[in-house]
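Understanding the architecture of this molecule
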Amino acid sequence: QAKRSGKNTYRLFDVSMNDDMRQRMRIENALRQALARDEFTLHYQPQVDLHSGEVSGVEALLRWTHPELGAVSPQFFIPVAEESGLILQIGDWVLREACLQLARWRADGVFIQRVAINVSANQFARRGFSERVAQVLRESVLDPASLELELTETVLMNQPRETVTTLRALKTIGVQLAVDDFGTGYSSLSYLRRFPIGRLKIDKSFLVDIERDRDNAAIAQAVMAMAETMGLEVTAEGVERHSQLELLRAHHCSEVQGFLFSRPVAPASIPEVCQAIRIMAATASEELE
Ligand code: C2E
Ligand code: MG
Ligand code: MG
Ligand code: MG
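What comes next is a walk through the structure. As the structure is a computational prediction, the values presented were derived from the model and not from experiment.

1. Observations regarding unusual backbone geometry
Most peptide bonds take the trans configuration, and most residues that are not glycine carry a negative phi. Of note in the backbone geometry, Asp38 takes a positive phi value of approximately 65 degrees without being a glycine. Within the secondary structure layout, Asp38 lies in the loop between helix H1 (2–34) and strand S1 (40–49).

2. A word on the coordination of the magnesium ion (ligand 2)
Every protein donor of the magnesium ion (ligand 2) is listed here as Glu59 (OE), Asn118 (OD1), Glu150 (OE) and Asp180 (OD), and their distances to the metal cover 2.0 to 2.2 Å. Read N to C, the donor residues that coordinate the magnesium ion (ligand 2) are spaced as E-x58-N-x31-E-x29-D. A spacing of 4.1 Å is found between the magnesium ion (ligand 2) and the magnesium ion (ligand 3), which share Asp180 as a donor. Residue Glu59 is located in strand S2 (residues 55–66), and its partner Asp180 is located in strand S6 (residues 176–182); the two are separated by 121 residues in the primary sequence. For Glu59, a relative accessible area of 3% translates into the label buried.

3. Topic: the site of ligand 1
Taken together, the neighbourhood of ligand 1 is formed by 22 residues, with Arg63, Asn118, Asp180, Glu240 and Phe259 sitting nearest. Separating a nitrogen atom of ligand 1 from a backbone N or O atom of Leu62 is a distance of 3.1 Å. Within the complex, the protein chains bury 84% of what would otherwise be the 800 Å² of accessible surface of ligand 1. Broken down by secondary-structure element, the contributors of at least two residues to the shell around ligand 1 are S2, helix H2 (74–84) and S6. When residues in the shell around ligand 1 are grouped by element, the largest group, four residues, is from S2. Of the residues contributing to the shell around ligand 1, the split by class is eight nonpolar, six polar and eight charged.

Calculation rules
- Residues numbered from 1 in each chain as written.
- Chains lettered and ligands numbered in written order.
- Predicted model: local features only at pLDDT ≥ 70, side-chain atom pairs only at ≥ 80, totals over all residues.
- Heavy atoms only, no water.
- Helix = DSSP H or I, 4+ residues; strand = E, 2+ residues; numbered from the N terminus.
- Donors = N, O, S within 2.8 Å, 3.2 Å for Na, K, Ca; no water.
- Buried < 20%, exposed > 50% of the residue type's maximum accessible area, 1.4 Å probe, protein only.
- Near = heavy atom within 4 Å.
- Polar contact = N/O pair within 3.5 Å; in protein donor to acceptor, adjacent residues only side chain to side chain.
- Areas by Shrake-Rupley, 256 points an atom, 1.4 Å probe, with all protein chains shown as cover.
- Nonpolar A, V, L, I, M, F, W, Y, C, P; charged D, E, K, R; others polar.

Shown next as structure tokens:
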């Protein structure tokens, strides 16, 4: 009896594994065609400078709409793209499209200071990455400081020597460098000191219930204080409520990003969203006076 049910369990498990793999294969094949079929778009989420109340930059976030599957979340397809190597082409498309979009806004009289893009480990480690970045900046006629690259701690922990070389090359070009999802990896602030990083993005998991969760509040506060000492900018991600914003403000957080100000939006909506944020920020500071 036990043996039989054991066998059944094994079979069930096996079948579901196959389904899972089949699903991944389907996604991978669909991803393979997505670029050629023009199924990717970028949405942009404003980053708000708490001192000036202005939008200081926007983060480009990849969106994929498959004709049958519909909108697929990046949390799901980015890992498939990374494992299949497709992220190299996709990431290159993101880099180019985000730079061109920033130039388009400016040509339309909408001045956005910078655009941030997410860079995968494989993309970053690929030979010629920094040269490619320089080339795209030239083609889109942008000053390099207008581009920020978001790297995760994992990227920085891999092959430290090569990483330092690439980061230095990027720094020489003049692009800005940020550590994304800071606090979720195993790197320490002292480890990060060896890299020419300008900004930390505190992971949104530390902002969850920050008004009541003392551990989260203490971590966020410690990161902000140490970053200040080290001369790093800090952006808090995932700000959804006013109460979170007030707490961050009290700890001298300089920049925030989150649904409170805006969800990621299509490029055509950016001018009105920036205007709305300006009005919101002005009203908020009047209330404080
Ligand atoms: P990320 O770079 O940390 O981006 C922030 C994520 O948090 C985005 O999810 C954004 O929509 C979400 N978010 C922003 N504000 C809030 C908030 O107030 N509350 C909550 N709950 N969430 C908020 P999204 O767009 O689903 O992207 C997920 C992840 O996928 C990104 O995390 C990034 O790691 C990856 N990703 C997205 N686009 C790209 C890309 O072009 N290239 C690469 N390599 N990865 C990307
Ligand atoms: Mg990011
Ligand atoms: Mg993040
Ligand atoms: Mg993330």
